[in-house]
Amino acid sequence: MENSILAIVVPCYNEEEVLPQTNQQLRALLDGMMRERLVGEGSYILYVNDGSRDRTWEIIASYAEADAHVRGLKLAGNVGHQNALMAGLDTARLDADVTVSIDADLQDDINAIPEMVKKFNEGCDIVYGVRRKRTTDTFFKRTTAQMFYKFMTSMGVKSVYNHADFRLMSRRAVDALCQYEERNLFLRGLVPLLGYKTDKVYYDRLERQAGESKYPLSKMLSFAIDGVTSFSVKPLRLIFILGMCFLLISLGILAYVIVALCQGRGVQGWASLMLSIWFVGGCVLICLSIIAAYIGRIYTEDKHRPRYNIEKYLK
Ligand code: UDP
Ligand code: MG
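Residues numbered from 1 in each chain as written. Chains lettered and ligands numbered in written order. Predicted model: local features only at pLDDT ≥ 70, side-chain atom pairs only at ≥ 80, totals over all residues. Heavy atoms only, no water.

Colleague: Any chance you could break down the layout of surface pockets for me, citing the residues and the numbers?
Modeller: Approximately 1000 Å³ is the volume found for the largest pocket. Lining the largest pocket we find 47 residues, and of these His81, Lys141, Ser213, Lys214 and Tyr215 sit closest to its centre. Going through the elements one at a time, strand 1 (6-12), helix 3 (81-92), helix 5 (139-154) and helix 8 (217-231) are the ones with two or more residues in the lining of the largest pocket. Classifying every residue of the lining of the largest pocket by side-chain character gives 18 nonpolar, 12 polar and 17 charged. (1 Å grid on protein atoms, 1.4 Å probe; cavity = no way out; pocket = protein on both sides within 12 Å on 5 of 7 lines; lining within 4 Å. Points joined across faces, edges and corners; volume = space filled by probe spheres on them. Helix = DSSP H or I, 4+ residues; strand = E, 2+ residues; numbered from the N terminus. Nonpolar A, V, L, I, M, F, W, Y, C, P; charged D, E, K, R; others polar.)

So this is what it looks like as structure tokens:
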């Protein structure tokens, strides 16, 4: 297993500010690992440009031209982090034995990569990078991210706590991942489904080196909804529980009406009746919206659209 070809896959969206640092640090790391014969000579960094609107692609292209260990993949438009990552993995598996995916902002400690590769050499197919603590994140990012993980778990989605998309995958793990044909990608939920031998490497989350987060709250929310509706039918079960509660409430109202009738003050129930109508109506609408979310997914999955289109592949 020694001297495997490693591909470090980096999705980039408007990352012109951080790319020079990222490339310098990743290259130095890769050189070190090749020197120590931890990975093979043909190892490389693969930058995936996810339809950036700034100079990201020009920078990537200049690195790829000057350096045999850097490659660039330009997607024809912005397809989002998960799809861009998938494009990179799908391309890298053609000639790399093992891949490591990492964000362009270097918030994940690149020094964990050699440790991951060691675990791969010991026979692991998937190695998760797990954050020990996130004190360097802003309070807002930290709390929203933690709510995100809690929400996912409560909705029945199995994922590795405090693990983002910093992970090592062997070629056969990536091959297996590519068999999952779904369009609404949530890799953190999919990868644990692959099986294979896994392990974890712990690291401290660093600050974003430069530039701004490309994941505002709105994107995180839609990411969470994607994750839940991709992996869990729990929301459907919640409708059932809600329905049962309503049945109980209506029984209570029935009892009240009967008692009121017997006591000869039948008309007085008018207010409670009106209230119930509005209350039930609102809940029916909420339930319908949950069903609609699933129907929406059937709709998109059924289309079997390609996840991305590649414009250029520089070697
Ligand atoms: N990214 C991408 N496409 C997008 C949004 C983000 O490829 O539409 C990349 C981005 O360049 C970075 C990674 O996904 O490499 C994670 O984004 P970011 O660091 O902004 O997210 P955060 O760490 O704030 O959650
Ligand atoms: Mg980041």
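Anyway, onward from the coordinates.
Colleague: Could you give me a rundown of the sheet that holds strand 5 (residues 126-131), with the residues and numbers involved?
Modeller: As summarised here, the arrangement of the eight strands in space is 7-5-6-4-1-2-3-8, forming an open sheet in which the pairing is mixed. Unpaired on one side and paired on the other, strand 7 (198-203) and strand 8 (310-314) mark the two borders of the sheet. Taken over all neighbouring pairs, the strand axes of this sheet differ in orientation by 20 degrees on average, direction set aside. As paired elements, strand 3 (residues 70-75) and strand 8 share four bridges and run antiparallel to each other. (Pairing = 2+ DSSP bridges. Axes fitted to C-alpha atoms, helices over the stretch in contact; angles between N-to-C directions.)

Colleague: Can you tell me about the site of ligand 1, naming the residues and giving the values?
Modeller: If you check the shell around ligand 1, you find 19 residues, and the closest are Glu15, Asp50, Asp105, Ser213 and Lys214. Here an oxygen atom of ligand 1 sits 2.6 Å away from a polar atom, N or O, in the side chain of Glu15. Comparing atom positions with the cavity grids shows ligand 1 to sit within the largest pocket. Among the residues forming the shell around ligand 1, the class breakdown is five nonpolar, five polar and nine charged. (Near = heavy atom within 4 Å. Polar contact = N/O pair within 3.5 Å; in protein donor to acceptor, adjacent residues only side chain to side chain. Sits in = over half its atoms within 2 Å of the grid points.)

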